[in-house]
Amino acid sequence: MKYFFLILLAYVCFGQLSGQGVLISPDNGNPDEDALLELRSTSQGFLPPRLDRAQRDIILNPPNGLVIYNTSTSRLNVFDTVANEWVELGPAPEADPAVTPTQSITLSSGHFHARESNDVYISAVGQGGANITTGVGGLVAPFHLPVGSRITGITFYYRDRTSAAEMSLSLTQEFLGSGFFNTVANFTTGVVNASPDWTNSGPVNVDHVVSGSAGYTLVAYSTSWSGDLHIKGAVISYTLPTN
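Residues numbered from 1 in each chain as written. Predicted model: local features only at pLDDT ≥ 70, side-chain atom pairs only at ≥ 80, totals over all residues. Heavy atoms only, no water.

Its boundaries defined by the atoms lining it, the largest pocket holds a volume of some 410 Å³. Taken together, 12 residues make up the lining of the largest pocket; nearest its centre are Ile 24, Leu 39, Arg 40, Gly 45 and Phe 46. Taken together, the residues that form the lining of the largest pocket break down as seven nonpolar, four polar and one charged. (1 Å grid on protein atoms, 1.4 Å probe; cavity = no way out; pocket = protein on both sides within 12 Å on 5 of 7 lines; lining within 4 Å. Points joined across faces, edges and corners; volume = space filled by probe spheres on them. Nonpolar A, V, L, I, M, F, W, Y, C, P; charged D, E, K, R; others polar.)

Let's shift gears to the sheet that holds strand E7 (residues 85-89). Within the open sheet, the four strands sit side by side as E4-E5-E6-E7. Their pairing is mixed. Each edge of the open sheet is held by one strand with a lone partner, namely strand E4 (50-51) and E7. Taken together, the two bridges between E4 and strand E5 (residues 67-70) define a ladder with parallel strand orientation. From the neighbouring strand, Arg 50 faces E5, where its bridge partner is Tyr 69. (Pairing = 2+ DSSP bridges. Helix = DSSP H or I, 4+ residues; strand = E, 2+ residues; numbered from the N terminus.)

Along the chain, Thr 155 turns up in strand E13 (residues 150-160). For Thr 155, a relative accessible area of 14% corresponds to the buried category. Non-local contacts of Thr 155, meaning those with residues more than four positions away in its chain, are made with Asn 200, Ser 201, Gly 202, Pro 203, Gly 233, Ala 234 and Val 235. (Buried < 20%, exposed > 50% of the residue type's maximum accessible area, 1.4 Å probe, protein only. Contact = heavy atoms within 4.5 Å.)

Time to look at the packing of aromatic side chains. Scanning all chains against the criterion turns up four aromatic pairs. Both rings, one in Phe 143 and one in Tyr 216, keep their centres 6.2 Å apart while their planes meet at 45°; by these two values the pair is tilted. Here Phe 143 is found in strand E12 (residues 138-143), whereas its partner Tyr 216 is found in strand E18 (residues 214-221), with 73 residues between them in sequence. The two residues Phe 143 and Tyr 216 agree in class, both being buried. (Phe/Tyr/Trp six-rings, centres within 6.5 Å; stacked < 30°, edge-to-face > 60°.)

Moving on: the pairing of E13. Most of E13 sits out of view: eight of its 11 residues are buried. Strand direction decides the pairing type here: E13 and strand E17 (residues 204-209), joined by four bridges, are antiparallel. Across the sheet, residue Gly 153 finds its bridge partner in E17, namely Asn 205. In this structure, E13 lies alongside strand E19 (residues 229-239), joined through 10 bridges in antiparallel fashion. Residue pairing in the sheet places Arg 159 in a bridge with His 230 of E19. Alignment of E13 against strand E16 (residues 199-200), held across two bridges, turns out to be antiparallel. In the sheet register, Tyr 158 faces E16, and the bridge partner there is Thr 199.

Turning our attention to the sheet that holds E18. Sheet strands associate in pairs through backbone hydrogen bonding, adopting either a parallel or an antiparallel arrangement. Taken in spatial order, the five strands line up as E9-E12-E18-E14-E15 in an open sheet, and their pairing is antiparallel. The outermost strands of the open sheet, each flanked by one partner alone, are strand E9 (113-114) and strand E15 (180-188). Direction of pairing for strand E14 (residues 168-175) relative to E18: antiparallel, over a ladder of eight bridges. Looking across to E18, one finds that Ser 168 is bridged to Tyr 221.

For the rest of this paragraph, the subject is the environment of Thr 162. By secondary structure assignment, the location of Thr 162 is in the loop between E13 and E14. Along the primary structure Thr 162 and Gly 190 are separated by 28 residues, whereas in three dimensions their C-alpha atoms are 9.9 Å apart. When neighbours within four sequence positions are excluded, Thr 162 is seen to be in contact with Val 191, Ala 194, Gly 227 and Asp 228. In this structure the side chain of Thr 162 is engaged in a polar contact, spanning 3.0 Å, whose partner is the backbone nitrogen of Ala 164. (Polar contact = N/O pair within 3.5 Å; in protein donor to acceptor, adjacent residues only side chain to side chain.)

Within this structure, the stated rule accounts for four salt bridges. Of the charged contacts, one joins Asp 207 and Arg 150 as a salt bridge, the two residues approaching to 2.4 Å between their closest N and O atoms. Placement of the pair is Asp 207 in strand E17 and Arg 150 in strand E13, with a sequence separation of 57 residues. Taking the relative accessible area as the measure of exposure, Arg 150 reaches 36% and is therefore partly exposed. Put simply, Arg 161 and Asp 228 hold a salt bridge, and the shortest N to O gap is 2.3 Å. (Salt bridge = Lys/Arg side-chain N within 4 Å of Asp/Glu carboxyl O.)

Structure follows, in structure tokens:
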């Protein structure tokens, strides 16, 4: 009964009654004809009952559409009898960021050739890999990726069977027209890592966008190939341009 008198008092003080509609407003006026209850103000808002989660959950048999303000989450909650649960109202969840698939390109030992014309080299896809047999130059393997691609990593596969020499494995770019070279990523086998087995560099982190004014190569270089150094290939990871 007390709630009836509260509503009646609100109507007497602030409201106008029109048919089945009630308007609560500091000014005279008529409620919207499609509204059972209209609150109208330019300086005040509607304040629903404020309950924490524990208080909300002890409401017995809440009707469908019951609204409360959940102080535990600072969100409006509406009860859904179909799902038999409170639905939290709030901003839509952010969409997952677009994921650009990672591509890869594999260069085998057969892609490598001698960088110096006076170097004698062997390049085989089999167990022998690619190595210099006469001379101290290097091996190079050119490759092409779409302009704007982002190279994200590279793994070199090699064999360093002696501690007398080490091999430097690099990703390089040559700017066309100027002949200027730039080392994008580098890995050195190290003289202490001599092993008769094939091994790999592990992923070498790279963050490089492919330029349209440069050519790209993998380079295997050593000051002494007499140490039985072999390059078997490499896998280059990259993402395609997003536009």
